[in-house]
Amino acid sequence: MKNVEKWLPALVWLRTYNKTDVSADVLASLVVTIMLIPQSLAYAMLAGLPLSMGLYASILPLIAYAVFGSSRTLAVGPVAVVSMMTGTAAASFAIPGSEEYVAVAILLSVISGLFLILLGGLKLGFFANLLSHPVISGFITASAIVIAISQMKHILGISIEGHALMEVIPALFMQITTAHLPTFTLGVTSITVLLFLRFYLATVLIRLGFAKQTASLLSKTGPVIVVILSTLIVSFFALDTIGIGVVGSVPTGFPSLQLPDLSYDQVMLLLPSAALISIVGFVESVSVAQSFAAKQRQSINPNQELIGLGCANIASSLSSGFPVTGGFSRSVVSFDAGAKTPMTGVFSAILILMALTFFTSLFYFLPKAVLSATIIVAVLSLVDLKAIKDVWGYSKHDSVAMIGTIMAVLFYGVEVGITTGVGLSILMFLWHTSHPHIAVVGQVTGTEHFRNVERFNVEVHESILTLRVDENLYFANARVMEDKVAALVAEKPNVTDVILMCTAINMIDASALDSLEAISDRLQSANIKLHLSEVKGPVMDKLKESDLIKHLSGNVYLTQYQAVQSILNNTHPT
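Presented here is a report on the structure given in the accompanying data block. Here the structure is a predicted model, which means the values were calculated and not measured.

Things to note about the layout of surface pockets
Next up, step 1: Taken as a whole, the second largest pocket encloses approximately 720 Å³ of empty space.
Next up, step 2: Met45, Gly48, Lys153, His154 and Lys368 are, among the 34 residues lining the second largest pocket, the residues nearest its centre.
Next up, step 3: Contributing elements (two or more residues each) for the lining of the second largest pocket: helix H3 (19-46), helix H7 (99-121), helix H9 (152-156) and helix H18 (368-380).
Next up, step 4: The residue makeup of the lining of the second largest pocket, split by class, is 16 nonpolar, 15 polar and three charged.

Listed below in structure tokens is the structure:
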């Protein structure tokens, strides 16, 4: 049974599911659905897809994740960054708006799903840790800026193509004089109202006597209020007849279930884009899931999250949807609304299906400018300029990767941006670890502790040189250590013993082992002994299998204090 529950986490919470949970989940699903419908339409528009696909991507994926996902609060569906990445990738293979474009988006969903399930089956959930926080933060900030600017075409009522700023900004300036004033007025008004509702509605409601949690929850429904009011205004005054763009007819009913045709050539062409969409979506989703799990003293399984998100994406493609992942805003709303289990997603899916079946006619007069306004306000909250300042102040290496990611996304696009960020992170890591901090240490008077001679007033002995390497030893820094030892020994002609204090060394690879053997041989030829102290167990286990210990001119000591005392007293460890 445990093996089944491992693959089907829903069995765990369903075992204790009760009427109280049902009531809480139904109520939460009503709130989430109210927000999810306009959001799904907006993100489909952001991806350059038929708006109905946003609703398709908000039904089966929610059910699939409820069965296979490990988070009890995460709300799955279309999100801004992944939607933009989908549109960017699809535009590389087909003309936006064409049937081929739609087909590519659906294919990206199924390939992303299969890729995520593969990663989960191989237990590669740790992969999320390989993307540094500065890179992800920079990527999301830059993507949010690109998304906001790309949506200005709908605010201005003009038509331009492309997602990268190098394409969008020149096109905006060229067509700014053709902007449609009524559309612009509606768009700017919507943005203003949305910002007011986001930042001030909760305060106003609290002053009116509403409970803090209720006020906070109502303030998050601002987009719904703006969507309803703007739709009523456009419909009542027939503003579509003066050029304000509206959603128009949205197909009624659910599409027939079918997986898209997969050919080897298609998969190979789309795999790089699908992989990036999968990884970015997973990192965003697992971060949200972990934060909410911590609040509820629960835990999530990253490997199972890969499988849950993979199944959600396959379910999306099965129902003519596009790539999805866990979203922060809808997860916050779900959490604040009191959701207890993933059944909230199932109930939301049912409600969206009902809306798709019976109420699509209500979307006809929904202005595209208002959908763009909701996107702009939503993504601007993702722009974190303070993080750039904080990272710059703390780590110049991380800030290089972060700023490089931002610049690459802004000027070359999201795919180039994320690969640039990952590449710079790896380069900065290699540079940092290839220049390890190597300290000469001495004994703190009256203690058995040893500290850096440049930071503390310590005791040293002319005949003993102790070096502490504050880094794992591997191919990139092995020669640096050799050169450092040689230089320090050359400066101290009275040295007879060198102790390598291994407190911070957790790994020694084959290249570093060769360097240690070379150091030992060179020191021995100069009548200097090499000793090791405080070697960690796993490292010592590996060293025992090598020739280093057999031919070491000195000894291996349990502690640094023991090493110094033994050398001074001319004794050996037992």
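A word on empty space enclosed by the protein
Next up, step 1: According to the stated counting rule, one finds five cavities of 30 Å³ or more in the structure shown.
Next up, step 2: Reported here for the largest cavity is a volume of approximately 170 Å³.
Next up, step 3: Contributing to the lining of the largest cavity are 18 residues, with Leu74, Ala75, Val76, Thr344 and Gly345 lying nearest its centre.
Next up, step 4: Only H3, helix H5 (60-68), strand E1 (75-77), helix H16 (328-336) and helix H17 (343-358) provide two or more residues apiece to the lining of the largest cavity.
Next up, step 5: Among the residues forming the lining of the largest cavity, the class breakdown is nine nonpolar, seven polar and two charged.
Next up, step 6: As for the second largest cavity, its lining consists of Val82, Ser112, Leu116, Ile277, Ser278, Gly281, Phe282, Leu309, Asn313, Val324 and Thr325.
Next up, step 7: Elements with a minimum of two residues in the lining of the second largest cavity: H7, helix H14 (264-295) and helix H15 (302-318).
Next up, step 8: Sort the elements by how many residues they give to the lining of the second largest cavity and H14 lands first, with four residues.
Next up, step 9: Of the residues that constitute the lining of the second largest cavity, the class distribution is six nonpolar, five polar and no charged.

Quick look at the pairing of strand E7 (residues 497-501)
Next up, step 1: Summarising burial for E7: five of the five residues are buried, a large majority.
Next up, step 2: The side-chain alternation of E7 yields two buried faces, one formed by Asp497, Ile499 and Met501 and the other by Val498 and Leu500.
Next up, step 3: Summarising the sheet, strand E6 (residues 464-469) and E7 pair through five bridges and their orientation is parallel. Residue pairing in the sheet places Leu465 in a bridge with Val498 of E7.
Next up, step 4: Between the parallel elements E6 and E7, the chain passes through helix H22 (residues 478-491) in a crossover that is right-handed.
Next up, step 5: In this sheet, strand E8 (residues 529-533) lies alongside E7 in parallel orientation, the contact comprising five bridges. Across the sheet, residue Asp497 finds its bridge partner in E8, namely Lys529.
Next up, step 6: The parallel pair E7 and E8, bridged by helix H23 (residues 510-525), forms a crossover whose chirality is right-handed.

Observations concerning the packing of helix H11 (residues 181-207) against H18
Next up, step 1: Relative orientation of the contacting elements H11 and H18 amounts to 40°, with a least axis distance of 9 Å. When the axes of H11 and H18 are compared, the pair comes out oblique. Viewed along their axes, H11 and H18 form a crossing whose handedness is right-handed. Residues Thr183, Leu186, Gly187, Ser190, Ile191, Leu194, Leu195 and Arg198 of H11 pack against Ala369, Val370, Ala373, Thr374, Ile376, Val377 and Ala378 of H18.
Next up, step 2: A class-by-class count of the residues in the contact of H11 with H18 yields ten nonpolar, four polar and one charged.

Some points on unusual backbone geometry
Next up, step 1: You will see that Ala238, though not glycine, has its phi angle at about 50°, which is positive.
Next up, step 2: Its location among the elements puts Ala238 in the loop between helix H13 (222-236) and H14.
Next up, step 3: Located in the positive-phi region is Asn527, a residue other than glycine, with phi close to 60°.
Next up, step 4: Inspection of the secondary structure puts Asn527 in the loop between H23 and E8.
Next up, step 5: Classification of Asn527 by relative accessible area gives exposed; the value is 69%.

Here's the deal with the nonpolar core
Across soluble globular proteins, nonpolar side chains have a tendency to be buried as a group.
Next up, step 1: Ranked by internal contacts, the top residues of the largest apolar core, which has 111 residues, are Leu41, Leu49, Met85, Phe139, Leu371 and Ile375.
Next up, step 2: Examining the composition of this core, we find that 14 residues originate from one element, H14, more than from any other.
Next up, step 3: With residues near it in sequence (within four places) discarded, Met85 still touches Phe139, Leu276, Ile277, Val280 and Val414.
Next up, step 4: In terms of nonpolar packing, the next biggest core, distinct from the first, is built from 31 residues, Leu473, Val495, Val535 and Leu548 among them.

Looking at H3
Next up, step 1: Relative to the 40 Å expected for 28 residues at 1.5 Å per residue, H3 spans 39 Å between its end C-alpha atoms, a close match to the ideal helical length.
Next up, step 2: At Leu36, H3 is deflected by roughly 30°, the largest bend along its length, and proline Pro38 occurs up to four residues later in sequence.
Next up, step 3: Measuring from the side-chain oxygen of the N-cap residue of H3 to the backbone nitrogen of Thr20 gives 3.1 Å; that N-cap residue is Asn18.
Next up, step 4: Backbone geometry just after H3 places Gly48 at a positive phi near 75°.

So, how was this worked out
Residues numbered from 1 in each chain as written. Predicted model: local features only at pLDDT ≥ 70, side-chain atom pairs only at ≥ 80, totals over all residues. Heavy atoms only, no water. 1 Å grid on protein atoms, 1.4 Å probe; cavity = no way out; pocket = protein on both sides within 12 Å on 5 of 7 lines; lining within 4 Å. Points joined across faces, edges and corners; volume = space filled by probe spheres on them. Helix = DSSP H or I, 4+ residues; strand = E, 2+ residues; numbered from the N terminus. Nonpolar A, V, L, I, M, F, W, Y, C, P; charged D, E, K, R; others polar. Buried < 20%, exposed > 50% of the residue type's maximum accessible area, 1.4 Å probe, protein only. Pairing = 2+ DSSP bridges. Right-handed = clockwise from strand over helix to strand, strands pointing away. Axes fitted to C-alpha atoms, helices over the stretch in contact; angles between N-to-C directions. Parallel < 35°, antiparallel > 145°, perpendicular 65-115°, else oblique. Left-handed = near helix turned anticlockwise from the far one by under 90°. Contact = heavy atoms within 4.5 Å. Core = buried A, V, L, I, M, F, W, Y, C linked by side-chain atoms within 4.5 Å. Expected span 1.5 Å × (residues − 1). Bend = angle between axes of the 7 residues up to and from the residue. Polar contact = N/O pair within 3.5 Å; in protein donor to acceptor, adjacent residues only side chain to side chain.

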